[in-house]
Amino acid sequence: LALDRQQGRRLVESGAAATPAVQAYYAGVDDAVTAESFVRLHRARVPWATVKDAFAGHADAAALKDLYALSSSEWGGRLAGVSREPVRLLLQAAGAAPDPAAALLAQKKKALAVMRDWRFRPPSFEYALYYVTRLLADVAVMRLVLLCKLTGIDAAEIGKRVIDALV
């Protein structure tokens, strides 16, 4: 998680040198990954000392540390301390739902939706990013489907988990 977080930070930094659209895309992806990691780790009851590096450098690292010590039902009144709106909304949804997967998936799709029009911008940085992200998304979907098939997960359940990233 710490390595994923560092990769996310580098992507956000590299996006800062690019266009505003790329900056917004990387920030949205970083927020979705941060919120999803936070919820999953919190629900798994992994100690903060073990996961703190996964949130290092995030704008809301201090607020996340405070929330981590609480149960998800107690997050409501303290979410105002989370400055990044997508993270705050995802944590709010996760605190209220027994399974936050739908809210987390919706946020990922929202971040990826920004990229749909980039396929019509060649030659540009956005087009190159679209193309590479499309390839990586295809590989990730193939990996997910194969892993689910190997473990005997039903096709309907697999369909719920697949992010149709850039069709």
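A quick note: this is a predicted structure, and the numbers were derived from the prediction, not measured. (Residues numbered from 1 in each chain as written. Predicted model: local features only at pLDDT ≥ 70, side-chain atom pairs only at ≥ 80, totals over all residues. Heavy atoms only, no water.)

Size it by volume and the second largest pocket reaches roughly 200 Å³. As for the second largest pocket, its lining consists of 10 residues, of which Ala-24, Gly-28, Pro-86, Gln-107 and Lys-110 are closest to the centre. Of all the secondary structure elements, the ones that give two or more residues to the lining of the second largest pocket are helix 2 (20–43), helix 5 (85–96) and helix 6 (101–113). Grouping the constituent residues of the lining of the second largest pocket by class yields five nonpolar, two polar and three charged. (1 Å grid on protein atoms, 1.4 Å probe; cavity = no way out; pocket = protein on both sides within 12 Å on 5 of 7 lines; lining within 4 Å. Points joined across faces, edges and corners; volume = space filled by probe spheres on them. Helix = DSSP H or I, 4+ residues; strand = E, 2+ residues; numbered from the N terminus. Nonpolar A, V, L, I, M, F, W, Y, C, P; charged D, E, K, R; others polar.)

At Arg-45, a position not held by glycine, the phi torsion is positive, near 60 degrees. Positionally, Arg-45 belongs in the loop between helix 2 and helix 3 (48–51).

A word on the packing of helix 2 against helix 4 (residues 61–68). At a minimum axis separation of 11 Å, helix 2 and helix 4 run at an interaxial angle of 20 degrees. Taken together, the axes of helix 2 and helix 4 lie roughly parallel to each other. Every pair of crossing elements has a handedness; the one defined by helix 2 and helix 4 is right-handed. Counting all contacts with helix 2, which are made through Thr-34, Phe-38, Leu-41 and His-42, the residues of helix 4 involved are Leu-64, Leu-67 and Tyr-68. Here the contact of helix 2 with helix 4 is built from residues that sort into five nonpolar, two polar and no charged. (Axes fitted to C-alpha atoms, helices over the stretch in contact; angles between N-to-C directions. Parallel < 35°, antiparallel > 145°, perpendicular 65-115°, else oblique. Left-handed = near helix turned anticlockwise from the far one by under 90°. Contact = heavy atoms within 4.5 Å.)

Every buried residue of helix 4 is accounted for by Ala-63, Leu-64, Leu-67 and Tyr-68. End-on view of helix 4: buried residues confined to an arc of 140 degrees, all on one side of the axis. Summarising the geometry of helix 4, the exposed residues directed more than 90 degrees from the buried face are Ala-62 and Asp-66. (Buried < 20%, exposed > 50% of the residue type's maximum accessible area, 1.4 Å probe, protein only. Arc of directions from axis to C-beta.)

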